[in-house]
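Residue-level listing of the chains:
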Amino acid sequence: DTAVSQTPKYLVTQMGNDKSIKCEQNLGHDTMYWYKQDSKKFLKIMFSYNNKELIINETVPNRFSPKSPDKAHLNLHINSLELGDSAVYFCASSHRLAGTDTQYFGPGTRLTVL
Amino acid sequence: DQQVKQNSPSLSVQEGRISILNCDYTNSMFDYFLWYKKYPAEGPTFLISISSIKDKNEDGRFTVFLNKSAKHLSLHIVPSQPGDSAVYFCAATPGTYSGGGADGLTFGKGTHLIIQP
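Given the structure is predicted, the values throughout are model-derived calculations rather than measurements. (Residues numbered from 1 in each chain as written. Chains lettered and ligands numbered in written order. Predicted model: local features only at pLDDT ≥ 70, side-chain atom pairs only at ≥ 80, totals over all residues. Heavy atoms only, no water.)

**Q** What is the right way to look at the pairing of strand β4 (residues 31–37) of chain A in this model?
**A** Note on strand geometry: in a regular strand, side chains alternate between the two faces of the sheet. Residue and element names in this part refer to chain A. Buried residues dominate β4, accounting for 6 of its 7 residues. For β4 and strand β9 (residues 87–94), the ladder comprises 7 bridges, and the chain directions are antiparallel. Bridge pairing in β9 links Gln 37 to Val 88. Bridge analysis of β4 against strand β5 (residues 43–49) gives 6 bridges, and the strand direction is antiparallel. Within β5, the position partnered with Met 32 by the bridge is Tyr 49. If you look at the hairpin formed by β4 and β5, you'll find 5 residues sitting between the two strands, and Lys 41 has a positive phi there, around 75 degrees. (Buried < 20%, exposed > 50% of the residue type's maximum accessible area, 1.4 Å probe, protein only. Helix = DSSP H or I, 4+ residues; strand = E, 2+ residues; numbered from the N terminus. Pairing = 2+ DSSP bridges.)

This is the structure we're talking about:
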């Protein structure tokens, strides 16, 4: 009964490849997010998405794109992977439109670009 | 430009004693604050939160204090237990009721809490 799940947990790939990370939440939340934790351990917001708006952190390259097939899923697509994309990516969700800002996180996906 | 700062990278506390983790913020628009606990290779786990209309919130062994004028919050854990050893992140957001929140949480860099037996 995992609340927020991500697949895969580990992803190793070559520079230039395109990859996706999947995220699912079974909490009935309306808003989902993607965060990146870099080598300095900072957790930074990349995207915030519900069915009405997509908010993109301006520092995120346009090689990154979120795709939401339905309210329970927000997948992260990354094109033309670069070495600097190596990081841990966390998905999160909240019931924001209901006025709750508490976010619940998935277990993370460690991406290594060789 | 760090808007949320946790100035202690690590903290060592004896089991049974009180652990106090500190957090400072600079953005006056923040009005909802959260603490997360993180074990290695896992995602952050929500611990406790506080709205800016309060100065204290308590949940079992965990208490969060907010001093808005000083832009400072702290997390108290008492008594500290071995399972509390983890990295603790402070996070903040303008909050939905303030018209913000959609741009996600702003995190501090974390404090590694070590509980010694």
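Past the structure itself, the notes keep going.
**Q** Honestly, the packing of aromatic side chains in this entry has me stumped. Any pointers?
**A** For any pair of aromatic rings, the description rests on two quantities: the centre-to-centre distance and the angle between the ring planes. All names here are of chain B. According to the stated counting rule, one finds 12 aromatic pairs over all chains in the structure shown. Where Tyr 25 meets Phe 33, the ring centres are 4.7 Å apart and the plane angle is 40 degrees; that geometry is what we call tilted. Using a relative accessible area of 1% as the deciding quantity, one classes Phe 33 as buried. Aromatic side chains Phe 89 and Phe 107 sit 6.1 Å apart centroid to centroid with 85 degrees between the ring planes, which places their arrangement in the edge-to-face category. (Phe/Tyr/Trp six-rings, centres within 6.5 Å; stacked < 30°, edge-to-face > 60°.)

**Q** Sorry if this is basic, but what is going on with the sheet that holds strand β6 (residues 56–59) of chain B here?
**A** Strand-to-strand pairing in sheets goes through backbone hydrogen bonds, with the strands running parallel or antiparallel. On the basis of which strands lie adjacent, the open sheet formed by 5 strands has the order β1-β3-β8-β7-β6 (chain B) and antiparallel pairing. What marks the edges here is a single partner per strand, and that holds for β1 (4–5) and β6 of chain B.

**Q** In this structure, what is going on with the sheet that holds strand β7 (residues 64–70) of chain A? I would like to understand it.
**A** Residue and element names in this part refer to chain A. Reading across the sheet, the 4 strands line up as β1-β3-β8-β7 and stay open at both edges, with antiparallel pairing between neighbours. The open sheet has two free edges, formed respectively by β1 (4–7) and β7, since each of these has just one partner strand. The mean inter-strand angle of the sheet, taken between neighbouring strand axes irrespective of direction, is 20 degrees. In the sheet, β7 pairs with strand β8 (residues 73–78) via 5 bridges, with the strands oriented antiparallel. Note on β8: the bridge partner recorded for Asp 70 is His 73. (Axes fitted to C-alpha atoms, helices over the stretch in contact; angles between N-to-C directions.)

**Q** I tried to follow the interface of chain A and chain B on my own but got confused; where do I start?
**A** In many analyses, interface size is given as the accessible surface area lost on bringing the parts together. Each side of the interface is counted separately: chain A has 23 residues, and chain B has 25 residues. When chain A packs against chain B, the two sides together hide about 1,900 Å² of surface, and 60% of this comes from carbon and sulfur. Taken together, the links from chain A to chain B amount to 0 salt bridges. Here chain A and chain B share 4 residue pairs in polar contact (both at pLDDT 80 or more) between them. Listed by contribution, the elements that provide at least two residues to the side of chain A that touches chain B are β4, β5 and β10 (104–105) of chain A. Counted by class, the side of chain A that touches chain B contains 11 nonpolar, 6 polar and 6 charged residues. (Contact = heavy atoms within 4.5 Å. Buried area = accessible area lost by both parts, 1.4 Å probe. Salt bridge = Lys/Arg side-chain N within 4 Å of Asp/Glu carboxyl O. Polar contact = N/O pair within 3.5 Å; in protein donor to acceptor, adjacent residues only side chain to side chain. Nonpolar A, V, L, I, M, F, W, Y, C, P; charged D, E, K, R; others polar.)

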